[in-house]
Amino acid sequence: MMKIGIAVLASAAVATAQTCALPSSYKWSSSGVLATPKSPWVALKDFTVAPYNGQHLVYATTHDSSNYGSMGFSPFSDWSQMASATQTGMSSATVAPTLFYFAPK
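Conventions and cut-offs
- Residues numbered from 1 in each chain as written.
- Predicted model: local features only at pLDDT ≥ 70, side-chain atom pairs only at ≥ 80, totals over all residues.
- Heavy atoms only, no water.
- Pairing = 2+ DSSP bridges.
- Helix = DSSP H or I, 4+ residues; strand = E, 2+ residues; numbered from the N terminus.
- Buried < 20%, exposed > 50% of the residue type's maximum accessible area, 1.4 Å probe, protein only.
- Axes fitted to C-alpha atoms, helices over the stretch in contact; angles between N-to-C directions.
- Patch = residues over 30% accessible without salt bridge, like charges linked within 9 Å, V, L, I, M, F, W, Y side chains within 5 Å.
- Areas by Shrake-Rupley, 256 points an atom, 1.4 Å probe, with all protein chains shown as cover.
- Salt bridge = Lys/Arg side-chain N within 4 Å of Asp/Glu carboxyl O.
- Contact = heavy atoms within 4.5 Å.
- Core = buried A, V, L, I, M, F, W, Y, C linked by side-chain atoms within 4.5 Å.

**Student:** Which residues make up the pairing of strand 1 (residues 43–52), and what values do they have?
**Tutor:** Examined bridge by bridge, strand 1 and strand 2 (residues 55–63) share eight bridges and lie antiparallel to one another. Directly across from Y52, in strand 2, lies its bridge partner Q55. Hairpin connection, strand 1 to strand 2: the antiparallel pair is bridged by two residues, and N53 has positive phi, about 50°.

Here is the structure:
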């Protein structure tokens, strides 16, 4: 039985190489700052986003010069609204929150 399992795995690992042309140069554009940390935070990082009732639900890691934590923005529908979205700290000192979006079929 072990030989059959190994044979199946080996045959599943066969792949066909494909190539594609890459651009010779890249350009980066930015909208500028989307949000600044509220006091006493001095930094926001590790943003994660998921759709929520037609809006963006965003969480991030915070830093206040000594400690890390997590926060969430109030939901907003357009990225230009992120700067004015309410920033709420989380009670636990977790960092790098990650959101997963699941929609059953």
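**Student:** Would you mind going over the pairing of strand 3 (residues 68–73) in detail, with residue names and values included?
**Tutor:** Most of strand 3 is tucked away: five of the six residues are buried. Bridge count between strand 2 and strand 3: five bridges; the pairing is antiparallel. Bridged to A60 within strand 3 is M71. Here strand 2 folds back onto strand 3, and the loop between the two strands holds four residues, one of which, S65, carries a positive phi near 80°. Judged from the three bridges that link them, strand 3 and strand 4 (residues 87–89) form a sheet pairing that is antiparallel. Considered in strand 4, the bridge of M71 is made with G89.

**Student:** Tell me what's going on with the sheet that holds strand 1, and back it up with residues and numbers.
**Tutor:** Strand order in the open sheet formed by four strands is 1-2-3-4, with antiparallel pairing between adjacent strands. At either margin of the open sheet sits one strand with a lone partner, and together these are strand 1 and strand 4. Along the sheet, successive strands turn relative to each other by an average axial angle of 25°, direction set aside.

**Student:** Go over a nonpolar patch on the surface, please, and point to the residues and values.
**Tutor:** On the surface, a nonpolar cluster with roughly 240 Å² of combined accessible area is contributed by L34, V49 and W79. For W79, the position within the fold is in the loop between strand 3 and strand 4. Taking the relative accessible area as the measure of exposure, W79 reaches 35% and is therefore partly exposed.

**Student:** Which residues make up the side chain of S70, and what values go with them?
**Tutor:** Within the secondary structure layout, S70 lies in strand 3. Look at S70 and you get buried, because its relative accessible area is 2%. With residues up to four places along the chain from it excluded, the contact list for S70 reads A60, T61, T62, T88, G89, M90, S92, T94, V95 and P97.

**Student:** Break down the nonpolar core for me, citing the residues and quoting the values.
**Tutor:** Counting ten residues, the largest nonpolar core consists of A35, W41, L44, V58, A60, M71, F73, F76, M82 and A85. The set of elements that each furnish at least two residues to this core consists of strand 2 and strand 3. Those residues in contact with V58 that sit more than four places away from it in its chain are F47, T48, V49, G72, F73, F76, W79 and M82.

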